[in-house]
Amino acid sequence: MAANKDNMQLNRRDFLKLSATGLGLSLVGFDPLLGTFQAAFAEGAPQPDQWFMSICPYCGTGCGVNVGVAGGKVVAVKGMPDHPINKGELCILGKNLVGILDTSDRLLFPQKKDGDQFKQINWEEATDTVASKLKETIEKNGADSFAMYISASEYIEEYYVYNKFVKGCLGTNNLESSARLCWASGVVGLVKAFGADSPPCCFDDIDLADLFFVAGYNPSSSKPIFFKRLMKAKKVNKTKMIVIDPRKTDTAKKADIHLQIKPGTDVILFNAITRELINKGLIDETKAKNITQDFEKLKEHVQSFTPQFAEEKTGISEQQLAEVVELIGQSKGALFMWGQGLNQSRIGTRKVTSLLNIPFITGNIGKAGAGPLAVTGQSTAMSLREAGALPNLLPGFRKVDDPQARQDIADIWGVDPQKMSPKAGRTIVDILNGIDAGEIKALWIIHSNPAATFPDTTWVRSVLNKLDFLIVQDCYHPTETSQFAHILLPAAQWSEKEGTMTNSERGLNLIEQAVQPPGEAKTDIEIVMNVARKMGFEKQFSFKKTEDIFEEFKRCTTHRPNDINGLSYARMRKEKGLQWPIPTAEHSGTKRRFIDQKFPGNDGKLNLAINQHDDPLEIPDKEFPLWLLTGLVNEQFHSRTRTSKIPALNRAVSEPFVEIHPDNANILKIKEGDLLKVTSRRGQLTARAVITDNILKDVVFIPYHFSFLAGEDKSVNNLTIRSFDESAKQPEYKAAAVNIEKV
Ligand SMILES: Nc1nc2c(c(=O)[nH]1)N[C@H]1C(S)=C(S)[C@@H](COP(=O)(O)OP(=O)(O)OC[C@H]3O[C@@H](n4cnc5c(=O)[nH]c(N)nc54)[C@H](O)[C@@H]3O)O[C@H]1N2
Ligand SMILES: Nc1nc2c(c(=O)[nH]1)N[C@H]1C(S)=C(S)[C@@H](COP(=O)(O)OP(=O)(O)OC[C@H]3O[C@@H](n4cnc5c(=O)[nH]c(N)nc54)[C@H](O)[C@@H]3O)O[C@H]1N2
Ligand code: SF4
Ligand SMILES: [Mo]
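Criteria and cut-off values
Residues numbered from 1 in each chain as written. Chains lettered and ligands numbered in written order. Predicted model: local features only at pLDDT ≥ 70, side-chain atom pairs only at ≥ 80, totals over all residues. Heavy atoms only, no water. Near = heavy atom within 4 Å. Helix = DSSP H or I, 4+ residues; strand = E, 2+ residues; numbered from the N terminus. Nonpolar A, V, L, I, M, F, W, Y, C, P; charged D, E, K, R; others polar. Polar contact = N/O pair within 3.5 Å; in protein donor to acceptor, adjacent residues only side chain to side chain. Areas by Shrake-Rupley, 256 points an atom, 1.4 Å probe, with all protein chains shown as cover. Contact = heavy atoms within 4.5 Å. Buried < 20%, exposed > 50% of the residue type's maximum accessible area, 1.4 Å probe, protein only. Domains from an automatic or database assignment. Buried area = accessible area lost by both parts, 1.4 Å probe. Salt bridge = Lys/Arg side-chain N within 4 Å of Asp/Glu carboxyl O.

## Section: the site of ligand 3
Here comes step 1: Taken together, the neighbourhood of ligand 3 is formed by Cys56, Tyr58, Cys59, Thr61, Gly62, Cys63, Leu90, Cys91, Gly94, Pro224 and Ile225.
Here comes step 2: Only strand S7 (90–91) and helix H9 (224–237) provide two or more residues apiece to the shell around ligand 3.
Here comes step 3: Taken together, the residues of the shell around ligand 3 break down into eight nonpolar, three polar and no charged.

In structure tokens, the structure reads:
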């Protein structure tokens, strides 16, 4: 007890000291070129006597891992040799998973805010308090005064339970996910272009393509195992690679052509590429007209995007543009990949649909080795969408505003369809605005840390303070968000629970529970179901085991795009990564979609996008002359609640830094390692200078992994702006105006 009380007072820096002495990891077989490891064990730990099958919880690559257990503890993690995605390999994050479990800041029992302090309570009191508070809030202010905010890293069964509880039982569609911060523009772009959310390609297409077109995406850092596969194909098949990024990233350094674009200007570049492909006769116009809508309109629209105009706006020379157009024109099969450089923008969806015009008019679609290959950031963004755990969806890609869909799902859920709301729920942007306006009174956060990861965190924190009731369900405490909670619910995490995950190529995998959760922690499902039962929904949550939830979810997929009636826990134990649709037990899964060239939208045709460019909400000016880009580093993950515990990762990067071009450094008389104060209209950050010509002049880069627990002035989201994609509401994390001074 005393020890736990102490833990509550520890801050992140203390953890670093603790973990530096405590949890040593030894890493064997380092591949310096790709930063991958062959095996990792906790130092001095016993040999595992049992192994469990699992998937790495971090990025959307979805590497298979085997989890080794001895004496009821996870003591080793290794890449699963027979997993189709990673064939035994793991990156530095996956290899270091052992250290995330037994940390000194695990949240071990429920706690309730009492004045300024948290006080331990038992589960009965916690469940009763949550159930009665939700009931009271809804009775007084209506169901829409409550919202739940989850992640895109959870299991199908978890999404399914939250959805059934919030939409089916409570009667609000305010179930939102951190997928909004992550891939919202990308997915909305895909849906607009295809007419449905159905990723067409698979990872095996990498070996068949002759060109990779990579825009605003740095998989060398963000998806190392996926990137390794790209590099292997490049070596073996001589696949060409075009990279479009304002920074000379490790991905860009491996490109045949790197277009070091002025940030924000991708729509202009993509329109210019489209123009040149059409005008130079490098596409089959008859075919393009057959499979797309609006070809003539697009052709006319792009005429003003001349190479000269593009050069002036994007900084890409006419010569480079011509080379890129030539490569695309010659290609027999090109894969189009993108990431946050496109998505995290006020015109993110426009950037994505303008990019998709290119594969559509060049016929790089509906065939092996070609098309958009969207690898999402978080591990289960695909599961989230197919389970319908977003404000506008129901399971099986159904829409909340479709009466038949509500009826079908209500029948399976055993709830009254009249109680289900036909109105799309709030996005996280509207939830926070709603709290600010006094319309949202209670919020339940599961598996997310918005006080660290949402833009303009000073504002976010002031808003969280306004809630009548905030429930935070996490496996650690303190986090930047947990401090604002009225009640803290301790969650089991990866390896301490079972469930199913779908990866970016629609492949499903079972994750086994390897060990018991620590202290009184319970699985996320158990916690939510206990509250639901307390509120009178015993019948809806009479599941005896996780597999029962999976079986009920399967019923929601019948005759839907993601039909998985052919799958079971038993089958997933034997066959890994089978891709939906898998309608029967005899069906072996679907590698690629639309190879019949029939697309799900408008008369089976693809939608071309007619897009104009617009500047970000805030661009540099006299007062704030530099363009701020934010992003990630290989060795840290998100808000670091897990990776900050790993000495090997902290040795690589343990504090924020500011990448600045030598010309700007000269003007400002800044030397490498100088402490800088970076200010924006919203706040400030102090960090050391890294001088590099990998970045464009007048642009700076700062990673987003560090927040208030690392120091009040360490959060880059102090600086970022509340500007959001016009359609998808994804934050514009890649554009803010800042000023820099030496401290
Ligand atoms: N190590 C590690 N891996 C991770 C994560 C992590 O936290 N740590 N997070 C995971 C998650 S959730 C995600 S979403 C992914 C993100 O993975 P990525 O999308 O690869 O990540 P970012 O570095 O945010 O952005 C990609 C690139 O966009 C460039 N960029 C910025 N602005 C522009 C622009 O206007 N145009 C163009 N063309 N490019 C631009 C940036 O310079 C950057 O190199 O990574 C996943 N993998
Ligand atoms: N400036 C800037 N900001 C960014 C970005 C950027 O590029 N620039 N990128 C954005 C992107 S792409 C993303 S995806 C977001 C990520 O934003 P978040 O999802 O808010 O970040 P995480 O740190 O992953 O938060 C996950 C939380 O869940 C907890 N957790 C882990 N496992 C479990 C579990 O099994 N159960 C429960 N209940 N809790 C668990 C962790 O301890 C942590 O507190 O950040 C965004 N923020
Ligand atoms: S590439 Fe992604 S899924 Fe694979 S080990 Fe690394 S973080 Fe985990
Ligand atoms: Mo993300």
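So much for the structure itself; the text now carries on.
## Focus: the site of ligand 2
Here comes step 1: Around ligand 2, a shell composed of 31 residues is seen, among which Thr453, Asp474, Ser639, Thr641 and Asn717 lie nearest.
Here comes step 2: Within the side chain of histidine 638, one N or O atom sits 2.8 Å away from an oxygen atom of ligand 2.
Here comes step 3: Within the side chain of asparagine 717, one N or O atom sits 2.7 Å away from a nitrogen atom of ligand 2.
Here comes step 4: Here ligand 2, which alone exposes 920 Å², has 97% of that area covered by the protein.
Here comes step 5: Counting only elements with at least two residues in the shell around ligand 2, the list comes to helix H6 (179–182) and strand S21 (469–474).
Here comes step 6: Class assignment for the residues of the shell around ligand 2 results in ten nonpolar, 16 polar and five charged.

## Here we look at the side chain of serine 482
Here comes step 1: Inspection of the secondary structure assignment puts serine 482 in the loop between S21 and strand S22 (487–490).
Here comes step 2: Separated by 2.7 Å, the side chains of serine 482 and histidine 477 make a polar contact.
Here comes step 3: A polar atom in the side chain of serine 482 sits 2.8 Å from the backbone nitrogen of threonine 479.
Here comes step 4: Residues within four places of serine 482 in sequence aside, it is in contact with Phe118, Val472, His477 and Leu488.

## Some remarks on the side chain of serine 198
Here comes step 1: Assignment of secondary structure puts serine 198 in the loop between helix H7 (184–194) and strand S12 (211–215).
Here comes step 2: Taking relative accessible area as the criterion, serine 198 reaches 6% and is therefore assigned buried.
Here comes step 3: For serine 198, the side chain forms a polar contact with the side chain of arginine 593, separated by 2.9 Å.
Here comes step 4: Ignoring any residue separated from it by four or fewer positions in sequence, one finds serine 198 in contact with Pro561, Arg593 and Phe594.

## Comments concerning the domain arrangement of the protein
For interface size, the figure often reported is the accessible area lost on association.
Here comes step 1: For the protein, the domain assignment lists domain 1 (5–100), domain 2 (111–178 + 388–509 + 527–542), domain 3 (184–375 + 603–607) and domain 4 (626–742).
Here comes step 2: If you average the C-alpha positions of domain 3 and of domain 4, the two centres end up 28 Å apart.
Here comes step 3: Listed by partner, the interface residues are 26 residues for domain 3 and 22 residues for domain 4.
Here comes step 4: The three residues of domain 3 that bury the most area against domain 4 are Arg247, Gln344 and Arg346, which together make up 33% of that side's buried surface.
Here comes step 5: Linking domain 3 with domain 4 are three salt bridges, by the criterion used here.

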